[in-house]
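Inside the fold
What follows is the residue order along each chain.
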Amino acid sequence: MTTALPAPAGPATRTPWWRDAVIYQVYLRSFADADGDGVGDLAGLALRLDHLTQLGVDGLWLNPCYPSPGADHGYDVADYTDVDARYGGLPAFDALLEQAHARGLRVLMDLVPNHCSVDHPWFLAALAAPVGSAERDRFVFRPGRDGGQAPPNNWRSVFGGPAWTRLDGTDQWYLHSFDTSQPDFNWHNPDVVGYFDDVLRFWFDRGVDGIRIDVAHMMVKHPDLPDWPYPADGSADYNSYAQNQPEVHEILRRWRRIADGYDRDLTLVGEVWVPTVDDLARYLRPDELPQAFYFDLLMCRWEAPAFRSTVARGLAEMAGAVVTWTLANHDVHRAVTRFGLIQPDTGPGSADVVGLTVRARGEVDVARGERRARAALLLVLGLPGSVYLYQGEELGLPEVLDLPDDARQDPIWVRSGGTEHGRDGCRVPLPWRAGAPVFGFGPGPAAWLPQPDWFATYAVEDQWTRSSSTLNLHATALRLRRRLASDLGGAGLEWLDVPGRQDVLAYQRGPVTVVVVFGSEPFTPPAGWGRVALASGPVGVDGALPGESAAWLT
Ligand code: NOJ
């Protein structure tokens with residue numbers, strides 16, 4: 001028996017470019033450094049655009065590159081309509097955009113609307129202005145409890161510690177859902193609404209093809225700012241008063257109207273962490289976000305039934321929209337490490353309820369993680385919808401788990417008092433050439449985070465020369481996906497039964513059958529499923545797929 005699921009819907013008239021696009025996420029400061037200061041920049045990215053075209057992606061998403069003091073590496077924005085001089089400023093951005101477009105690559109900016117930086121002129125003006133002023137009202141200032149001694153409510157920052165900081169010598173506190181250096185905007189204030197309309201238009205007018213929206217579910221807070229009933233044992237929890245409030249949808253609809261006012265296809269892709277897929281689907285209504293990341297695969301156990309139900313739930317709940325798949329990003333442990341985790345530690349957890357799963361600590365079997373991550377890639381690239389690929393995942397890089405403490409920079413590390421390592425381990429600058437200083441990351445003597453010696457094994461140039469490398473697997477899969485695009489475009493997905501093998505997942509889409517072996521025993525697909533066009537592991541002479549591998553049959 002098979003279960004048919006609906007094909008993804010697209011606009012009635014034409015297919016938008018982003019529907020099946022594979023977008024490469026560029027964490028700019030760790031991608032490539034042209035000026036030798038140890039931090040990646042736009043000129044470095046421009047010099048390495050060949051990597052993206054050779055890989056075969058359709059575009060790139062640039063993590064924030066605005067002027068910023070860098071407390072959260074750009075997610076603390078000081079000026080939304082400029083580019084940081086350390087990355088090359090607006091001229092370097094324009095040049096990059098032109099070069100990317102000349103190669104047929106789309107470019108997405110990253111917008112951070114929930115909060116800015118303490119260096120943003122509005123926040124500086126708010127600090128200088130009196131209590132109750134128009135300047136203060138653009139942020140969330142409140143008097144503290146106990147005569148100003150205690151925070152106005154019990155909300156916790158996603159990065160750990162209280163979500164409020166007190167202004168020295170006063171009873172006033174300001175809200176920051178993340179670091180102290182990232183004050184939350186007051187989205188009930190029309191100045192804020194109008195400001196972001198202009199910011200959006202600024203980047204669309206400049207020529208970008210879309211925008212990734214940082215914590216798109218968080219802008220609006222419950223108007224009364226009530227205490228959240230956190231669990232008594234102090235464990236992490238999802239504070240629904242601080243996020244996923246109904247009014248957030250109005251803002252996103254407004255932005256959709258702005259995007260739709262242009263005469264080219266623009267996408268808005270939301271970073272939306274909400275409790276259920278049903279909640280997520282509400283962000284994808286026809287007049288709201290065209291795309292929102294479906295993060296559930298990041299939290300999925302390496303088991304066939306878990307993957308099947310996660311994929312099926314996503315396709316069913318978001319039927320009528322385009323599902324946006326991803327296996328990694330700059331906030332989570334790299335896929336090889338997540339899939340290779342043998343036994344999670346039960347040590348100190350994360351302040352962030354999601355962080356507990358996506359950055360779980362414990363012993364890792366890297367070889368196993370690599371086999372699984374390669375298989376998961378083929379699983380995801382076969383699905384209907386678009387895929388986001390985080391830089392370094394195409395190299396099969398594991399997380400750098402043992403960075404020296406004094407090198408760590410993530411505010412999560414600082415705010416948790418060193419109990420949580422945070423996200424530096426997936427942000428270590430990329431290795432381009434094995435024998436070169438800083439592995440070819442740039443001409444300087446050092447990179448902003450130290451690269452371990454074993455990065456040599458993963459260097460880009462080396463991997464292109466090895467046909468079985470993870471880089472070549474990505475490039476081959478993307479080429480094949482593109483070749484099959486016209487047959488796959490509108491095709492829905494049909495699960496295939498695999499009698500006697502609970503650990504094998506198989507689905508068919510148009511002319512392709514995707515088979516994933518989750519267990520360690522080999523599996524020989526029935527002859528009727530077609531011939532192996534691509535496999536993530538060595539296929540036996542009899543056509544047997546090894547354990548922990550995947551294949552596309554055509
Ligand atoms: C989500 C981003 O992905 C993360 O990197 C950042 O720290 C927070 N939002 C705060 O902007």
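Basis of the calculations
- Residues numbered from 1 in each chain as written.
- Predicted model: local features only at pLDDT ≥ 70, side-chain atom pairs only at ≥ 80, totals over all residues.
- Heavy atoms only, no water.
- Axes fitted to C-alpha atoms, helices over the stretch in contact; angles between N-to-C directions.
- Helix = DSSP H or I, 4+ residues; strand = E, 2+ residues; numbered from the N terminus.
- Parallel < 35°, antiparallel > 145°, perpendicular 65-115°, else oblique.
- Left-handed = near helix turned anticlockwise from the far one by under 90°.
- Contact = heavy atoms within 4.5 Å.
- Near = heavy atom within 4 Å.
- Polar contact = N/O pair within 3.5 Å; in protein donor to acceptor, adjacent residues only side chain to side chain.
- Areas by Shrake-Rupley, 256 points an atom, 1.4 Å probe, with all protein chains shown as cover.
- Nonpolar A, V, L, I, M, F, W, Y, C, P; charged D, E, K, R; others polar.
- Buried < 20%, exposed > 50% of the residue type's maximum accessible area, 1.4 Å probe, protein only.
- Pairing = 2+ DSSP bridges.
- Arc of directions from axis to C-beta.
- Expected span 1.5 Å × (residues − 1).
- Salt bridge = Lys/Arg side-chain N within 4 Å of Asp/Glu carboxyl O.
- Disulfide = S-S within 2.5 Å.

Here the focus is the packing of helix α11 (residues 366–381) against helix α14 (residues 470–483). One way to put it is that α11 packs onto α14 with a least axis distance of 11 Å and a crossing angle of 15°. With respect to α14, the element α11 is oriented roughly parallel. In this structure, α11 crosses over α14, and the sense of that crossing is right-handed. Contact with α11, carried on its side by Arg 374, Leu 377, Leu 378, Val 380 and Leu 381, involves Thr 470, Leu 473, His 474, Ala 477, Leu 478 and Arg 481 of α14 and no other residues of that element.

Another point: the site of the ligand. Of all residues adjacent to the ligand, which total 13 residues, the nearest are Asp 72, His 115, Asp 214, His 330 and Asp 331. Residue Asp 72 places a side-chain N or O atom 2.5 Å away from an oxygen atom belonging to the ligand. Between the ligand and the protein, one listed contact pairs an oxygen atom with a side-chain N or O atom of Asp 331 at 2.5 Å. About the coverage of the ligand: the protein hides 98% of its 290 Å² of free accessible area. Its residues assigned to classes, the shell around the ligand comprises four nonpolar, two polar and seven charged.

Take the pairing of strand β17 (residues 512–517) next. Extensive coverage of β17 is indicated by the burial of six of its six residues. Burial of the side chains of β17 extends over both faces: Val 512, Val 514 and Val 516 are buried on one face and Thr 513, Val 515 and Val 517 on the other. Here strand β16 (residues 504–509) runs beside β17; their pairing, made up of six bridges, is antiparallel. Along β17, the bridge assignment pairs Leu 505 with Val 516. Once β16 ends, the chain turns through two residues before running back antiparallel as β17, passing Gly 510 with a positive phi of about 50°. The pairing of β17 with strand β19 (residues 549–553) spans five bridges and is classified as antiparallel. Across the sheet, residue Val 514 finds its bridge partner in β19, namely Trp 552.

Turning to helix α4 (residues 121–128), a few remarks are in order. Looking at α4, one finds that the buried residues are Trp 122, Phe 123 and Ala 126. An end-on view of α4 places all buried positions within 95° of arc, on one side of the element. The inward-facing, buried residues of α4 contact β5 (141–143), β7 (172–175) and α5 (190–206).

As summarised here, the arrangement of the eight strands in space is β2-β3-β4-β8-β9-β10-β11-β14, forming a closed barrel in which the pairing is parallel. Neighbour-to-neighbour, the strand axes of the sheet open up by a mean angle of 30°, direction not taken into account. Pairing geometry for strand β11 (residues 324–326) and strand β14 (residues 386–390), over three bridges, is parallel. From the neighbouring strand, Thr 324 faces β14, where its bridge partner is Ser 386.

In this section: the packing of α5 against helix α6 (residues 248–260). Packing of α5 against α6 brings their axes to within 11 Å, and their N-to-C directions diverge by 30°. With respect to each other, α5 and α6 are oriented roughly parallel. Relative to α6, the crossing made by α5 is right-handed. Here Val 193, Phe 196, Asp 197, Leu 200, Arg 201 and Phe 204 of α5 lie close against α6, whose contacting residues are Arg 254, Trp 255, Ile 258 and Ala 259.

Locating Tyr 75 in the fold gives a position in the loop between β3 (59–62) and α3 (89–102). Judged by its relative accessible area of 5%, Tyr 75 is buried. As for Tyr 75 and Gly 194, which are separated by 119 residues in sequence, their C-alpha atoms are 20 Å apart. In contact with Tyr 75, not counting residues within four places along its chain, are Trp 61, Asn 63, Pro 64, Asp 110, Val 112, His 115, Gln 182, Arg 212, Asp 214 and His 330. Within the local environment of Tyr 75, its side chain forms a polar contact with the side chain of Asn 63, the two groups lying 2.6 Å apart. A distance of 3.4 Å separates the side chain of Tyr 75 from the side chain of Arg 212, its partner in a polar contact.

Turning next to the environment of Asp 50. Relative to the helices and strands, Asp 50 is located in helix α2 (residues 49–55). Here Asp 50 falls in the partly exposed class, since its relative accessible area comes to 45%. In sequence terms Asp 50 and Glu 271 are 221 residues apart; their C-alpha atoms lie 28 Å from each other.

The terminal C-alpha atoms of α11 lie 22 Å apart, and with 16 residues this matches the ideal 22 Å at 1.5 Å per residue to within 8%. Among the residues of α11, those classed as buried are Gly 369, Arg 372, Ala 373, Arg 374, Ala 375, Ala 376, Leu 377, Leu 378, Leu 379, Val 380 and Leu 381. Residue Asp 365 occupies the N-cap position of α11, its side-chain oxygen lying 3.3 Å from the main-chain nitrogen of Ala 367.

Here the focus is the pattern of salt bridges. Scanning all chains against the criterion turns up 37 salt bridges. A salt bridge links Arg 106 to Asp 209; the shortest N-O distance between them is 4.0 Å. Taken together, the residues span a long stretch of sequence, with Arg 106 in strand β4 (residues 106–111) and Asp 209 in the loop between α5 and β8 (210–213) at a distance of 103 residues. Since its relative accessible area comes to 29%, Arg 106 is described here as partly exposed. We classify Asp 209 as buried; its relative accessible area is 5%. Asp 410 is the salt-bridge partner of Arg 423, the closest N and O atoms lying 2.8 Å from each other. Pair noted here: Arg 423 is in the loop between α12 (411–415) and α13 (460–465) and Asp 410 is in the loop between β14 and α12, with a separation of 13 residues, a long-range link.

Moving on, we come to the state of the cysteines. One pass over the full model with this rule turns up zero disulfides. Cys 300 takes part in no disulfide bond, and the closest cysteine sulfur, belonging to Cys 426, lies 20 Å away. For Cys 300, a relative accessible area of 12% puts it in the buried group.

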